[in-house]
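Here are the chains, one letter per residue:
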Amino acid sequence: MLILQKKSDIMDDELRLFVEEKWGAYEKALAKKDALLGRHQHTMALVRTLASVMALGMSVLIAYKVW
């Protein structure tokens, strides 16, 4: 019975190490994805702001020419 208990403990330790290793890799990949997504969102916000400013400028120019 003692031998089975030791094997069980070894398997539990191996499983725990495996799960911790995989979970660490998952968390690292998730952090990298979040960083890239954050950068992408900031870039898209800048593009939208520039597009809005350009549209406003064109509207002002068109209104000025119409008058």
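Chemist: I'd like a description of the overall build of the protein chain, backed by residues and values.
Modeler: The helix and strand tally for the protein chain stands at 1 helix and 0 strands. Relative to its 67 residues, the protein chain shows a buried fraction of 0%. For the protein chain, the accessible surface area stands at approximately 6,700 Å², while carbon and sulfur atoms represent 70% of it.

Chemist: Break down a nonpolar patch on the surface for me, with residues and values.
Modeler: Residues Leu 15, Phe 18, Val 19, Trp 23, Tyr 26 and Leu 30 make up a contiguous nonpolar surface patch of about 630 Å² in total accessible area. By the element assignment, Trp 23 lies in helix H1 (residues 2-66).

Chemist: Describe in detail the pattern of salt bridges, supporting the description with residues and values.
Modeler: Where side chains of opposite charge bring their charged atoms close, a pairing between them can arise. Scanning all chains against the criterion turns up 2 salt bridges. Salt-bridge contacts for Asp 13 lead to Arg 16; the nearest nitrogen and oxygen are separated by 3.8 Å. Of this pair, Asp 13 and Arg 16 both sit in helix H1, 3 residues apart, which is roughly one turn of that helix. Overall, Asp 13 belongs to the partly exposed group, its relative accessible area being 38%. For Arg 16, a relative accessible area of 42% translates into the label partly exposed. With a closest N to O distance of 3.5 Å, Glu 20 and Arg 16 form a salt bridge. With Glu 20 and Arg 16 both in helix H1 and 4 residues apart, the pair spans about one turn of that helix. The class for Glu 20 is partly exposed, based on a relative accessible area of 46%. Several salt bridges share partner residues, and in doing so they unite Asp 13, Arg 16 and Glu 20 into one network.

Procedures and definitions
Counting starts from 1 at the beginning of each chain's written sequence and moves along it residue by residue. Residue-level local features of this predicted model are given only where pLDDT is at least 70; pairs of side-chain atoms are given and counted only at 80 or more, and the full residue set underlies all totals for whole chains, interfaces and linings. Derived side-chain values reflect all non-hydrogen atoms in the structure, with water molecules and hydrogen atoms excluded from consideration. By the criteria applied, helices consist of DSSP H or I runs no shorter than four residues and strands consist of E runs no shorter than two, each listed in order from the N terminus. Think of it in three bands: residues with accessible area under 20% of the maximum for their type are buried, residues over 50% are exposed, and the middle band is partly exposed, with areas taken using a 1.4 Å probe on protein chains only. In this description, accessible areas are obtained by the Shrake-Rupley approach with a 1.4 Å probe, and a residue is regarded as covered only by the protein chains that are shown. Exposure above 30% relative accessible area and the absence of a salt bridge qualify a residue for a patch, where like charges join within 9 Å and nonpolar side chains (Val, Leu, Ile, Met, Phe, Trp, Tyr) within 5 Å. Each salt bridge in this description consists of a side-chain nitrogen of Lys or Arg and a carboxyl oxygen of Asp or Glu lying within 4 Å of one another.

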